[in-house]
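# Summary of structural features
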Amino acid sequence: MKSSRREFVGLVGVAALKAASVTKPELILHNGSIHTMDSANPRAEAVAIAGGRFLAVGTNAEIENISSASVKKIDLGRRTVFPGFIDAHLHTASSGLRHLKEVDCDLRSIAAIQAAIRERAAKTPAGQWVVGFKYDDTKTSDGRALRIADLDAAAPNHPVIITHRGGHTSWVNSRALQVADVNEKTPDPPGGKFERGPNGKLTGRAMETATAPFRSKIRNTATRSERREGVKLITKMIARTGITSVNDPQGSPEDLTAYQDAYESGDLSVRVYGFISQGFIKRMLAAGVHSGLGNEWVRVGAMKMVCDGSISERDARVSQPYIGRPDDYGILVRTGDQLFEDSREAHAAGWHIGTHANGDVAIDIVLKLYERLQKETPRRDPRFRIEHCTVINDDLVRRIKAQGVIPTPFSSYVYYHGEKMKEYGAERLNHMFALRSFLDAGVRATMSSDYPPGPFEPMMFLQSAVTRTDTHGTVWGPTQRITIEEALRVATVHGSYASFEEKQKGTIEAGKLADLVVVGRDPLTADPSTLVNIPIERTMVGGQWMFEA
Ligand SMILES: [Zn+2]
């Protein structure tokens, strides 16, 4: 991406100066090394900002031309600048609330997790639930998963539920089993499993829909102000990493209220396209609301459905069994017919639809579902999404392209969850998180952390996508490597398309929202194995610094 002075002339000459005649700049950032991601004008040195949008983009001299004595100016000191990163699948409101209210079990030993549970139980009246999140069975030094006895020892007088960071499976103690009336004789529910050891006894792990008997016993005590506080906390954490927009891929009307409250109190640090979970859609339909309502800060997103299990918890519904478990093909949570009934009314009412499908069997089901919805109620540019869309093959990619579907593959899994990949096997990894296949087919895949399941740092995405190497140095699926230029496009331009906002953001262009990130080193020239360490120096959303290191 070499720049030449000539490249800037077109844009400044037409769009920028036309805009400048209507508005004066309020802020100028100059002396930067700006990668605009706008293919018509890829490089710039300076931007003028007014009303939260870019007024002009060009060379130092060109932007100086439209300046005046009263305009605030910031010297970027030749720092590298990109459009703000867009995470197309980040569980925002719910994880904010969890960080506020639950026990963070992202710890490196079972003893440390027990200590954290013990501490919380000491402050919780006996009989009330102790709830934990972000537990990861492969990240503790013990070499085994949690057991009922571990949780009983930590909190004998409280029901305990600890959810995996993947979010689809949970570990419970004896009190929790009693309270939920689950025992050895309880049959597995459709779309779920109570894990049993070789002796047939319950291990304490409940998978997919089998977590429902426990969840239904936990009273949701979050207040409206706590929900707003959760959004404030998590969006601050997100803005620190250079992300300026998220799609929250699962949510409730209460989450929309929390976003709106945070926006009104000045506590929302990133823009949100807030999905609504299928279970709440009747309430939204009754209110006459569909996807797209809102403003450039808080917008009603897609309706979310779930078809199968999880990659990090190794229960996605795949056509070939898991390595070392020859009879295990994962879990299908909903059938195609059920998903059709769940979505036809919303599709007809104008809802954008995103369905979680990880395994190749599930992806096939969802593609058929989308075909069926379009046949019943044809809509122009429905931009259907397949959330995660992890295990693919050539036929699935061809159909994804033909139907204009947007996949949101996990952005940090190869790097962060490498030790879990052996359960899929080296050969299958060449068909997972398949950015190379998607880009070659002309499919606009996104950067999507799925946090909490995956870390959301965009620099980790860049390293993961470019090197396909995990933290232990193991390479997974090298045929799916993409270039750093491609990865940056996925993390910006493609993200804006996934929420129908490509005219608003994704590039640094006159007229677009003034969302950008200033980084400490240029990823385009950095050693790919060091991308994850590139410091984020500043994040701007709508012309305001939301983070400054
Ligand atoms: Zn998710």
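Residues numbered from 1 in each chain as written. Predicted model: local features only at pLDDT ≥ 70, side-chain atom pairs only at ≥ 80, totals over all residues.

### Topic: the overall build of the protein
Summing up its helical and strand segments, the protein has 18 helices and 23 strands in all. Relative to the compact-globule value of 24 Å for 549 residues, the protein shows a C-alpha radius of gyration of 24 Å, a close match. Looking at the 549 residues of the protein, the share that counts as buried comes to 54%. Sequence separation of at least 24 residues holds for 74% of the intrachain contacts in the protein that already meet a minimum separation of 6. (Helix = DSSP H or I, 4+ residues; strand = E, 2+ residues; numbered from the N terminus. Rg over C-alpha atoms; globule rule 2.2 N^0.38 Å. Buried ≥ 20, exposed ≤ 12 C-beta atoms within 10 Å, placed from the backbone. Contact = placed C-beta atoms within 7 Å.)

### A closer look at the confidence of the model for the protein
Looking at the protein, the pLDDT average stands at 95 and 96% of residues meet or exceed 70. Every residue in residues 1-20 is under pLDDT 50, and counting partners more than four places away or in other chains gives 42 contacts. (pLDDT = per-residue confidence, 0-100.)

### What about the environment of V300?
Following the sequence through the fold, V300 ends up in strand β17 (residues 298-306). Residue classification places V300 among the buried residues on the basis of 23 C-beta atoms within 10 Å. Residues V300 and V272, spaced 28 residues apart in sequence, show a C-alpha to C-alpha distance of 8.4 Å. Residues contacting V300, with those up to four places away along its chain left out, are L256, G274, I276, V289, S291, G292, L293 and G294.

### Looking at the pairing of strand β14 (residues 202-208)
Along β14, five of the seven residues are buried, which leaves the element largely enclosed by surrounding structure. Inspection of the sheet shows strand β12 (residues 169-172) paired to β14 by three bridges, in the antiparallel sense. The residue bridging T169 from the neighbouring strand is M207, located in β14. Bridge count for strand β13 (residues 192-196) against β14 is four bridges, and the pairing is antiparallel. By the bridge assignment for β14, F194 is matched with A206. Between β13 and the antiparallel strand that follows it, β14, lie five residues; G200 among them carries a positive phi value of about 85 degrees. (Pairing = 2+ DSSP bridges.)

### Let's talk about the sheet that holds strand β7 (residues 80-83)
Spatial strand order, β3-β2-β7-β21-β22-β23: six strands in an open sheet with mixed pairing. One side of each edge strand has no neighbouring strand; the edge strands of this open sheet are β3 (43-44) and β23 (544-548). One ladder, built from two bridges, connects strand β2 (residues 33-35) with β7; its direction is parallel. Residue pairing across strands places I34 opposite V81, the latter belonging to β7.

### Re helix α9 (residues 253-264)
Taking 1.5 Å as the rise per residue, α9 with twelve residues should run 16 Å; its terminal C-alpha atoms sit 17 Å apart, in good agreement. Considered for burial, the residues of α9 that qualify are D255, L256, A258, Y259 and A262. Looking straight down α9, one finds that the buried residues subtend no more than 160 degrees of arc, so they occupy a single side. The elements touched by buried residues of α9 are α3 (92-101), α8 (224-239), β15 (243-248), β16 (271-277) and β17. G266 sits one or two residues past α9 and shows a positive phi near 75 degrees. (Expected span 1.5 Å × (residues − 1). Arc of directions from axis to C-beta.)

### Quick notes on the nonpolar core
Ranked by size, the top nonpolar core spans 155 residues in total, and within it V47, C307 and V366 carry the most contacts. For this core, the element with the highest residue contribution is helix α12 (residues 360-376), accounting for eight residues. Residues in contact with V47, not counting those within four places in the same chain, are L29, I34, F54, A56, V57, I63 and I508. (Core = buried A, V, L, I, M, F, W, Y, C linked by C-beta atoms within 7 Å.)

### What to know about the sheet that holds β16
Spatially, the seven strands line up as an open sheet ordered β8-β15-β16-β17-β18-β19-β20, and their pairing is parallel. Sheet topology places β8 (85-87) and β20 (406-408) at the edges, where each strand pairs with a single neighbour. Taken pair by pair, the neighbouring strands of this sheet meet at an average axis angle of 25 degrees, ignoring direction. Across the sheet, helix α18 (residues 484-497) is in contact with β8 and β15; its angle to β8 comes to roughly 55 degrees. (Axes fitted to C-alpha atoms, helices over the stretch in contact; angles between N-to-C directions.)

### Remarks on the packing of α8 against α9
Contact geometry of α8 with α9 gives a least axis separation of 8 Å together with a crossing angle of 70 degrees. In this view, α8 runs roughly perpendicular relative to α9, as classed from their interaxial angle. Along this stretch, α8 crosses α9, giving a crossing that reads as right-handed. Between α8 and α9, the residues in contact are R224, R227, R228, G230, V231 and K232 and E254, T257, A258, Y259, D261 and A262, respectively. Of the residues in the contact of α8 with α9, the class split is four nonpolar, two polar and six charged. (Parallel < 35°, antiparallel > 145°, perpendicular 65-115°, else oblique. Left-handed = near helix turned anticlockwise from the far one by under 90°. Nonpolar A, V, L, I, M, F, W, Y, C, P; charged D, E, K, R; others polar.)

### Topic: the environment of Q504
Relative to the helices and strands, Q504 resides in the loop between α18 and β21 (516-519). Accessibility expressed as a C-beta count within 10 Å gives 17 for Q504, which makes it partly exposed. Put simply, Q504 and D104 are 400 residues apart on the chain and 36 Å apart in space, counted from C-alpha to C-alpha. In contact with Q504, not counting residues within four places along its chain, are E296, S496, K512 and L513.

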